[in-house]
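Residue-level structure breakdown
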Amino acid sequence: MPSAKVSNLALDVQPRRRRLVITARAAASFDPLGRSVAAARAFVRDTLQGWGFADIVDDAVVLTSELVTNAVVHAGTRAEVLCLRSGDGVRVEVADRYPERELPLQHPGERPYADPDRENGRGLMLCAALATRWGVEYTATHKHVWFRLDLPDRPVGTRSAGPVVPDQLLPLADSRVRVAVLQIDSAGAVSAWNEDAEHVFGYPAEKAVGRPLAELAAWPQTPGTGTGIAEALALSRWEGSYGIRGSDGRVIPVYASHLRVRDAHGEPSIVCLLVHDDERALLQTPARLPADGGQLTEPRAADPFEVFIGSPAPDDLDGLLQRTVERARDLLDADAAFLLLATDDETELEVRATTGLPSTRQRFARVPVEAGTNRYGSARMPAVHDDLAAVPGAVPLLESTGMRSVVTVPLKVEGRLTGSLGVAAEVPGRYSNEEALRLQFAADRIALAVESARLGELERLRRGSLSFLVEASDLLAGTLDRDQTLALMAQMTVPTLATWCAVYTIADQSSDPYLSYVLHEDEERIDGLKALLSRVSPPEPVRGASSRPWPEAALAVGGETVVLPLMARNRVIGMLTLGKPSEEHFRQEILELAEDLSRRAALALDNARLYSERTAISRSLQRSLLPPGSPAIPGMEVEVIYRAAGEGNEVGGDFYDVFPIRDGAYGFAIGDVCGTGPEAAAVTGLARHALRLLAREGLGGPAVLERLNAAILDEGARSRFLTLLYGELHPQPEGGALMKVVCAGHPLPLRLRPNGEVVPAADPQPLLGVIDDLDLYEQTLTLDPGDVLLCVTDGVTERREGPRMLGDDGLAEVLTTCTGLTAGAVASRVLRAVERFAAEPASDDMAILAFRVPQQREGD
């Protein structure tokens, strides 16, 4: 887990080029683990967002991810991340404890030190591409890679005064100028209503105070990027036009300036200043003067862009587009206006800003430019429609809005279509070619600024998408569990990309899609959504990487729905479906990001499927190698404990068996094949089955092992040597048991007598699978009542803790404490002793086989 500390300081540091005042710092360290990369990204993201540096968060997260990956994954050391805040940017340092891993110098004519397709050096290449400045510093114990990101320049407001103008050019106003002052509380209700407000709108204060402003306001446009007056009141400052319904029911156009403040108790409220719309000059923000604040000494040509948009211009795309449609509406005294942006291939237009329309339900909707139904006619040329009732469908955005006449003009940059601007009125025949030329002139003035802002937005989205996909890939690569992969796919999609999603999986090419997972951003709606989708036929599993609509689900659930195929290894393994409510639409950039995510998710899901199938097959095969069960031997206690090393292994190189040979005779074996895993398990199966067959043919112990040795050598390159303890057990009628054993290179069996004495029960002989000719012999012993015979594999005796090893002597010492215990208790005590001998999990297979002859009348 990372450890972090954050403090606000006022200290000076001296970087390479200039003095820098640090106002806050945050530090964290991360262990050399794969999950630390995601933790470092989250730390930097949270820190910069907390400092208000949202503009540079994505770049900082991408660079930190690459540099921390170099430290904890490639260098394999602990990484230390330090964030330093200054007034104009942030510096991030990533240090690791591998100073010997220096950067290669690049000499003229040599290949670059970094390649985008290689891991090595890619972080430094990204630093060079994204950072304002960057560098590497070495100490005796650390290597520091640092980068600096400066905040983008922001327009700074300045005091200004209008120039001296003749009296006849001053704005007109009533003889008594009235400024209505309203105060709105945090709930959106009027809390103060001055005398001028009573005069302008006709409501006395007692009838206005306490009413929501939304009941009084006639809100025809969308301010900023919001959807109504509630969003405008939530902004720290807002200025623009709307209407107030007077006491006589008529709508009074007003120009308003909103300022959000806190009262003496710290509660937020909004102060609203309103004047008649034709007196807007009283409140409207003045145009900027020259930067030096001096008088204009000579006439200066007005900037056509500023004349149309106003100054200062919005510094974000959505704000610029919204200002554009509002000014276009005012320019032609229209009832509504709209702006659409073209896709990169100029085949579709996307609704991005509207004003004067009933709602923004069309935002991000797309229509063809030149072909197909519901197209925007003549998008590449100015167009005037005298009456939309005569040409239904000419402008789909205006259907059912009451608009009758419309003029549209293209936005072009260097001859390329970048968008379309339109204004509309509720009466027919409102516009002529003259208005189209005026609007086209304005569109030409703002087209380049709109395209520049759009490209800036696309670049920010691209960087945000890169950061998102880096984190998504980490999460998907971190699991091979199918259900967890399905859950991660949905959680990464909702609510970042969609309001809800559903994942369908396909078991094989002949199977129908199956609804495997459903998620909605409102958890209470998940069950209802699942029920609706279960009644709809699943989408068709069509090949191809692009998204497509799913009309059946859209009808059942409502809103816009798209389907993305999940393709892995050239076949469709499922579908990822995304949905949004009726008033929203998917942006093309979001769909492209979803398609990229679906490709990564499909591969992760298919990997999880393959892992599950192979694990199931492996476990089934391994279980077939285990004995079906130990027989009940009269007058004997038998206990077996088996542990295979390695994740997912049920059988390894160690094996055991206890089986009947004939009436009154039983065979037993315990062995260890060289190595672990599937190859060792294959020899295990050969040995166990061969022992049973040969023993039941009536062969004695030496003959059985000699034939097994020949069978192993016949395997050639696949053969592996093994140690084996094999024996026959003959229970005696009067009590006790006769045993015949052969110990071929295996740890010697130990005999525990009732008095606590522990002695070896056999002599060592050559192991199997090495030489052709073996000269083996059989040894006989008798177990008396109370005696225990313990047989183990070397996973028990070779258990290590650093330089210490349990060994034969350690095992014998443990066995001396087992006097009087049953066979099961003896095996369990040996296992506990082995597990407690070292803190780390066992790295070798273990088998424990214990025999005990009960004493007479025991248990009576």
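For every chain, the first residue of the written sequence is number 1, and numbering continues from 1 along that sequence. This being a predicted model, a pLDDT of at least 70 is required before a residue's local features are given, and a value of 80 or more before pairs of side-chain atoms are given or counted; all residues contribute to the totals for chains, interfaces and linings. To obtain the side-chain values, all non-hydrogen atoms of the structure were included, while hydrogens and water were left out.

Take the packing of helix α18 (residues 807-816) against helix α19 (residues 823-837) next. Interaxial angles span 0 to 180 degrees and are taken between N-to-C directions of axes, which are lines fitted to C-alpha atoms, for helices over the stretch in contact. We count a stretch as a helix when DSSP gives it H or I for four or more residues in a row; a strand needs E for two or more, and each element gets its number in order from the N terminus. Relative to each other, α18 and α19 sit at 135°, their axes nearing to 10 Å. One finds that α18 runs oblique with respect to α19. Pair α18 / α19 crosses with right-handed handedness. Here α18 contributes Leu811, Val814 and Leu815 to the contact with α19, which in turn contributes Val826, Arg829, Val830 and Ala833. Under the grouping applied here, Gly and all other residues not named as nonpolar or charged are polar, the nonpolar ones being Ala, Val, Leu, Ile, Met, Phe, Trp, Tyr, Cys and Pro and the charged ones Asp, Glu, Lys and Arg. Per-class residue counts for the contact of α18 with α19 are 6 nonpolar, no polar and 1 charged. Working definition: roughly parallel below 35 degrees, roughly antiparallel above 145 degrees, roughly perpendicular at 65 to 115 degrees, and oblique for all remaining angles. Each crossing gets its hand from how the near helix is turned against the far one by less than a right angle, where anticlockwise is left-handed and clockwise is right-handed. We call two residues in contact whenever any of their non-hydrogen atoms come within 4.5 Å of each other.

Two rings belonging to Phe, Tyr or Trp (six-membered ring only in the last case) form a pair when the distance between their centres is within 6.5 Å. Interplanar angles under 30 degrees mark stacking, angles over 60 mark edge-to-face geometry, and anything in between is tilted. Going through the model one piece at a time under the given rule, you end up with 6 aromatic pairs. Seen in terms of ring centroids, Trp193 and Phe201 are 5.8 Å apart; in terms of plane orientation they differ by 50°. Their pairing is tilted. The pair Trp193 / Phe201 is uniform in exposure class, with both members buried. Judged by centre distance (6.4 Å) and plane angle (75°), the rings of Trp193 and Tyr203 are edge-to-face. With Trp193 in strand β10 (residues 190-193) and Tyr203 in the loop between α4 (195-201) and α5 (205-208), the pair connects residues that are 10 residues apart, well separated along the chain. Pair check on accessibility: Trp193 and Tyr203 agree, each one buried. In this structure an aromatic cluster arises from ring pairing among Trp193, Phe201 and Tyr203. For each residue, the accessible area found with a 1.4 Å probe, counting protein chains only, is set against the maximum for its type, and the residue is called buried under 20%, exposed over 50%, and partly exposed in between.

What follows deals with helix α1 (residues 36-50). Expected span, for any helix, means 1.5 Å times one less than how many residues it has. In this model α1 runs 21 Å from its N-terminal to its C-terminal C-alpha over 15 residues, within 8% of the 21 Å that 1.5 Å per residue would give. Buried within α1 are the following residues: Ser36, Val37, Ala40, Arg41, Phe43, Val44, Arg45, Thr47 and Leu48. Phi turns positive, to about 80°, at Gly52, one or two residues after α1.

This brings us to the sheet that holds strand β16 (residues 348-355). Strand order in the open sheet formed by 6 strands is β17-β16-β15-β20-β19-β18, and the pairing between neighbours is antiparallel. Both outer strands of the open sheet, β17 (366-368) and β18 (383-385), are each paired with one neighbouring strand and no more. Direction aside, neighbouring strands of the sheet carry axes that sit 25° apart on average. A strand pair is defined by DSSP finding two or more bridges across the two strands. For strand β15 (residues 336-342) and β16, the ladder comprises 6 bridges, and the chain directions are antiparallel. Bridging from a neighbouring strand, Leu340 pairs with Val351 of β16. Here helix α10 (residues 433-477) sits on the sheet in contact with β15, β16, β18, β19 (405-413) and β20 (416-425), set at roughly 45° to β19.

Below, the discussion takes up the environment of Arg366. Within the fold, Arg366 resides in strand β17. Considered as a pair, Arg366 and Leu340 are 26 residues apart in the sequence and their alpha carbons are 8.9 Å apart. Setting aside residues up to four positions removed in sequence, Arg366 forms contacts with Thr343, Glu348, Leu349, Glu350 and Gln588.

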